[in-house]
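# Architecture at a glance
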Amino acid sequence: MDTDRKGRHKELKVIEDKNYNLLEQRLIHHLPVAVYTCDKLGHITFYNPAAALLWGREPVAGRDLWCGSWKLYDSDGEPLAPENCPMFRTLKEGIAIEGEIVIIERPDGTKVRVKPYPVPLFNSEGKLTGAINTLIHYTDIRKAEENQALLASIVNSSDDAIISKTLDGTITSWNRAAERLFGYTPSEVIGKHISLLIPADRLQEEELIIGKIARGENVDHFETIRSTKDGTEIPISLTISPVTDLSGKIIGASKIARDISEQIKSQETNERLFREIKALNEKKDEFIGIASHELKTPLTSISGYLQILDRFENDGKGKKFLQKTILQVNKLTGLVSDMLDVSKIEAGKLQYAEVNFDIRLMIDGVLELIEHTQGDHEITLETTIESLFVKGDQQRLEQVMINLITNAIKYSSNPARISIYLNCTHHDVTVGVKDSGFGIAKEKLTHIFSLFYRVEDSNPTISGLGIGLYITSQIIERHHGKIWAESEPGKGSTFWFSIPRSK
Ligand code: ADP
């Protein structure tokens, strides 16, 4: 250790004694700013590459005097006599000069504005030995100044309040938007503590924020309340970032505050509207539910009495009218029970039974019923399956089949030609109902399973409520299946659904 320490002392001494000037020159050589030295008579003794670049030439060391430039002018562009150049005056008067501007002309005729900073050098006895001069390219300074002015104007024209503060919370800058938002002028707040803006019950927030900033973290969109000069409390969103000095040390924070009163107001309005619409929808569903329920009871009685009358009526004309009435009452009963289903679906109360049943048998039954009730249409079942069990609600799936076949009849010219398909894979059963009717335009096809949707322009005379396909799709969804349609206007449509097979 001792030897080491001694060794290091020796080395330092050698540098001090012999190479001190060399080290100094080596340092200056690599500086990115123009630096040169003169002896006490003004001869240039040393200059770095940045100086040669600025002058556009390499002066002859020991011969060129005061400045390495080819020609020199004052800041107004007038030629500058050597005895007036700043380096000359520093050597003559032994004083440092700063704040002046000179213009250097290079041998190629280009000119640059520079700020020279000549500083006299003295030996240990206090005698002037020469001077060192730093030349700062004026455009660099101007660029920095312009950048600063640009930043300042951006900050000042910002709609958001921008405030900076030190780590102990002292406000150091305050833009116009901050003045508008909080009501204080810069002179009223700069130098004051930031707690001026914080309501008493939120003072602990500042500690948390400063803790984060000191650790170099940002605070993003922190929504809080701050007080204005007249004591009004306003909701704001704060974004705070650390401010560092040139060495990267955190010395404060910059804060952007945005007034979010309007945002909160429109958020509240939206929430209120949403609640109102939801309540109205609930009321509508409730009304549909009650109305259909109330209609169903008298309809069931009417239907029953009509059946009894039908049994007794023998007069040909009377019987015909009676049967027409029964048909219309059946239609009405179908509509009422569809509406009741919709209100149950919307309330999440539609009941499903789950049993194993033979879907082929079910389709045969539906076709028989349709043949019996819907007149002479050409309906064929195309399948090789003789029996196939699925698990689900048989009645609801019958309802699906009746719906699809009734639509195929309703949206075709009379008599309708309909094919029913029944296929299966290892996992699924797929059923199709194909008609050669009016078809549906492609852009409407995606909407047909929505509640109350009707393609009215293509078939305005056919009545309906637009709820059958909605109920159908809900029933298929409850069976974990899917439903879709293929169609071409003028050529016909095929509605498909598939549901999982029984395991
Ligand atoms: P509704 O028949 O009472 O209007 P749906 O929900 O059953 O209600 O059908 C919705 C719409 O889909 C119908 O208005 C009709 O425009 C269209 N649509 C349904 N089935 C067919 C079909 N087979 N062919 C052509 N259009 C159909």
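Residues numbered from 1 in each chain as written. Predicted model: local features only at pLDDT ≥ 70, side-chain atom pairs only at ≥ 80, totals over all residues. Heavy atoms only, no water.

## Examining the sheet that holds strand E10 (residues 233–244)
- Ordered in space as E8-E7-E11-E10-E9, the 5 strands form an open sheet in which the pairing is antiparallel. Edge positions in the sheet fall to strand E8 (171–174) and strand E9 (219–227), since each has one partner strand and no second. In this sheet, neighbouring strand axes are inclined to one another by 30 degrees on average, regardless of whether the strands run parallel or antiparallel.
- Examined bridge by bridge, strand E7 (residues 161–166) and E8 share 3 bridges and lie antiparallel to one another. Across the sheet, Ser164 pairs through a bridge with Ser173, a residue of E8.
- Packed onto the sheet, helix H7 (residues 203–214) meets E7, E9, E10 and strand E11 (250–259) and runs at close to 155 degrees relative to E9. (Pairing = 2+ DSSP bridges. Helix = DSSP H or I, 4+ residues; strand = E, 2+ residues; numbered from the N terminus. Axes fitted to C-alpha atoms, helices over the stretch in contact; angles between N-to-C directions. Contact = heavy atoms within 4.5 Å.)

## Topic: unusual backbone geometry
- Of note, the bond from Asn414 into Pro415 is cis; its omega dihedral lies within 30 degrees of zero at -15 degrees.
- For Phe452, which is not a glycine, the phi torsion comes out positive at approximately 65 degrees.
- Here Phe452 lies in the loop between helix H12 (442–445) and helix H13 (468–478).
- Residue classification places Phe452 among the partly exposed residues on the basis of a relative accessible area of 46%.
- In this structure, His480 takes a positive phi of about 60 degrees despite not being glycine. (Buried < 20%, exposed > 50% of the residue type's maximum accessible area, 1.4 Å probe, protein only.)

## Some thoughts on the pairing of strand E6 (residues 128–137)
- In the sheet, strand E1 (residues 34–39) pairs with E6 via 6 bridges, with the strands oriented antiparallel. Bridge assignment links Cys38 to a residue of E6, and that residue is Ala131.
- The pairing of strand E5 (residues 111–122) with E6 spans 9 bridges and is classified as antiparallel. In the sheet register, Lys115 faces E6, and the bridge partner there is Ile136.
- Connecting E5 to the next strand, E6, in antiparallel fashion are 5 residues, including Gly126 with a positive phi near 85 degrees.

## A word on the confidence of the model for the protein chain
- On average, residues of the protein chain score 86 in pLDDT, and 94% of them are at 70 or above.
- Averaged pLDDT values over the elements of the protein chain bottom out at 47 in helix H1 (residues 2–29) and peak at 97 in strand E16 (residues 428–435).
- Note that pLDDT drops below 50 for residues 1–20; the model gives that stretch 3 contacts with residues more than four away or on any other chain. (pLDDT = per-residue confidence, 0-100.)

## Section: a nonpolar patch on the surface
- Taken together, the side chains of Leu150, Leu151 and Ile154 define a hydrophobic patch exposed on the protein surface, amounting to about 300 Å² of accessible area.
- Considering the arrangement of structural elements, one finds Leu151 in helix H4 (residues 138–157). (Patch = residues over 30% accessible without salt bridge, like charges linked within 9 Å, V, L, I, M, F, W, Y side chains within 5 Å. Areas by Shrake-Rupley, 256 points an atom, 1.4 Å probe, with all protein chains shown as cover. Salt bridge = Lys/Arg side-chain N within 4 Å of Asp/Glu carboxyl O.)

## Digging into the pattern of salt bridges
- Within the structure shown, the criterion is met by 16 salt bridges.
- Between Lys265 and Glu262 there is a salt bridge, and its shortest N-O distance comes to 3.3 Å. With a gap of 3 residues between them, Lys265 and Glu262 both fall in helix H8 (residues 261–312), about one helical turn apart.
- Taking relative accessible area as the criterion, Lys265 reaches 47% and is therefore assigned partly exposed.
- The network of salt bridges with shared partners includes Arg202, Glu205 and Arg226.

## So, the environment of Gly191
- Turning to its location among the elements, Gly191 is positioned in the loop between helix H6 (186–189) and H7.
- A relative accessible area of 52% places Gly191 in the exposed class.
- Expressed as a C-alpha distance, the spacing of Gly191 and Asn84, which sit 107 residues apart in the sequence, is 44 Å.
- Excluding residues that lie within four positions of it along the chain, Gly191 makes contacts with Thr170 and Ile171.

## Looking at the packing of H8 against helix H9 (residues 316–346)
- Viewed as axis vectors pointing N to C, H8 and H9 meet at an angle of 155 degrees, and their least axial separation amounts to 8 Å. Our classification of the angle between H8 and H9 gives roughly antiparallel. Here H8 runs over H9; the crossing is left-handed.
- Within the contact of H8 with H9, the residues separate by chemical class into 13 nonpolar, 10 polar and 5 charged. (Parallel < 35°, antiparallel > 145°, perpendicular 65-115°, else oblique. Left-handed = near helix turned anticlockwise from the far one by under 90°. Nonpolar A, V, L, I, M, F, W, Y, C, P; charged D, E, K, R; others polar.)

## Topic: helix H11 (residues 394–410)
- For H11, spanning 17 residues, the distance from its first C-alpha to its last is 24 Å, which sits close to the expected 24 Å at 1.5 Å a residue.
- Residues of H11 that are buried: Arg396, Leu397, Gln399, Val400, Met401, Asn403, Leu404, Ile405, Asn407, Ala408 and Ile409.
- Here H11 starts with a cap whose side-chain oxygen sits 3.2 Å from the backbone nitrogen of Gln395, and that cap is Asp393. (Expected span 1.5 Å × (residues − 1). Polar contact = N/O pair within 3.5 Å; in protein donor to acceptor, adjacent residues only side chain to side chain.)

## Quick word on the nonpolar core
- In this structure, Ile359, Met401 and Ile405 are the most contacted members of the largest nonpolar core, which totals 44 residues.
- Within the residue set of this core, elements represented by two or more residues are H9, helix H10 (359–373), H11, strand E15 (417–424), E16, H13, strand E17 (482–488) and strand E18 (492–500).
- Here this core takes 7 residues from H11, the largest share from any one element.
- Beyond its immediate sequence surroundings of up to four residues, Ile405 is in contact with Val366, Leu367, Ile370, Ile379, Ile418, Ile420 and Val433. (Core = buried A, V, L, I, M, F, W, Y, C linked by side-chain atoms within 4.5 Å.)

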